[in-house]
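# Breakdown of the fold
Each chain, written out:
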Amino acid sequence: MNYDELFEREEERLKKSKNPSESANILFNIIALSFKSDKKNDIYKDAKRFIDCYVELIKSANYGYDSFNFNKLEKLLNMLPPEEQVAILQYALSITARELPEHSVDWFI
């Protein structure tokens, strides 16, 4: 199976997903596949969708599972050019401050 077929399969799974955890993982897969293929221009948009799903996941998680996986966020950032990295960090900072005010935003800064 090539990247395009995997990409299409993940897009279909995302459309059917109702679970924020599953959606976040599928979006991360889509971003990784985009990075390895010719779809790199969509990574920024999908990264914003990932942040939105990831925040929803954290909001709905049980105690002890309601924190950011900064390693995953760092991997995501490394797939973006520097100017988009800054924009995604600003977006994540804004969303986190609004939706998860109890969480520290120091890592994003």
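Residues numbered from 1 in each chain as written. Predicted model: local features only at pLDDT ≥ 70, side-chain atom pairs only at ≥ 80, totals over all residues. Heavy atoms only, no water.

### Description of empty space enclosed by the protein
All told, the structure shown has 1 cavity of 30 Å³ or more when counted by the stated rule. By volume, the largest cavity amounts to about 40 Å³. Along its surface, the largest cavity is lined by Ile 51, Leu 73, Leu 77, Ile 88, Leu 89, Ala 92, Trp 107 and Phe 108. Those elements that provide at least two residues to the lining of the largest cavity are helix H4 (70-78) and helix H5 (82-99). Of the residues forming the lining of the largest cavity, the biggest block, 3 residues, is contributed by H5. Considered class by class, the residues forming the lining of the largest cavity number 8 nonpolar, no polar and no charged. (1 Å grid on protein atoms, 1.4 Å probe; cavity = no way out; pocket = protein on both sides within 12 Å on 5 of 7 lines; lining within 4 Å. Points joined across faces, edges and corners; volume = space filled by probe spheres on them. Helix = DSSP H or I, 4+ residues; strand = E, 2+ residues; numbered from the N terminus. Nonpolar A, V, L, I, M, F, W, Y, C, P; charged D, E, K, R; others polar.)

### Points about the nonpolar core
Membership of the largest hydrophobic core comes to 28 residues, with the highest contact counts inside it found for Ile 31, Phe 50, Phe 68 and Leu 76. At the level of secondary structure, the elements contributing two or more residues to this core comprise helix H1 (3-16), helix H2 (20-36), helix H3 (43-60), H4 and H5. Counting residues per element, this core draws most heavily on H3, at 8 residues. Each residue touching Phe 50, except ones within four places of it in the same chain, is listed here: Ala 24, Leu 27, Phe 28, Ile 31, Lys 72, Leu 73 and Leu 76. (Core = buried A, V, L, I, M, F, W, Y, C linked by side-chain atoms within 4.5 Å. Buried < 20%, exposed > 50% of the residue type's maximum accessible area, 1.4 Å probe, protein only. Contact = heavy atoms within 4.5 Å.)

### Overview of H5
For an α-helix the count is 3.6 residues per turn, leaving residues at separations of three or four pointing the same way. If you check H5, its first and last C-alpha atoms are 25 Å apart, about what 18 residues at 1.5 Å a residue would give, namely 26 Å. Within H5 the residues assigned to the buried category are Ile 88, Ala 92, Ile 95 and Thr 96. Looking straight down H5, one finds its buried side chains confined to an arc of 100°; they lie on one side. Opposite the packed face of H5, turned more than 90 degrees from it, sit the exposed residues Pro 82, Glu 83, Gln 90 and Arg 98. (Expected span 1.5 Å × (residues − 1). Arc of directions from axis to C-beta.)

### What about H3?
For H3, spanning 18 residues, the distance from its first C-alpha to its last is 25 Å, which sits close to the expected 26 Å at 1.5 Å a residue. Within H3 the residues assigned to the buried category are Ile 43, Asp 46, Ala 47, Phe 50, Ile 51, Cys 53, Tyr 54, Val 55 and Ile 58. Here the buried face of H3 lies against H2, H4 and H5.

### A look at the packing of H1 against H2
Where H1 contacts H2, the axes come no closer than 9 Å and their chain directions differ by 160°. If you check the angle between H1 and H2, you find them roughly antiparallel. Along this stretch, H1 crosses H2, giving a crossing that reads as left-handed. Together, Tyr 3, Leu 6, Phe 7, Glu 10, Glu 11, Arg 13 and Leu 14 of H1 and Glu 22, Ser 23, Ile 26, Leu 27, Asn 29, Ile 30, Leu 33, Ser 34 and Lys 36 of H2 make up the contact between the two elements. Looking at the contact of H1 with H2, its residues break down into 8 nonpolar, 3 polar and 5 charged. (Axes fitted to C-alpha atoms, helices over the stretch in contact; angles between N-to-C directions. Parallel < 35°, antiparallel > 145°, perpendicular 65-115°, else oblique. Left-handed = near helix turned anticlockwise from the far one by under 90°.)

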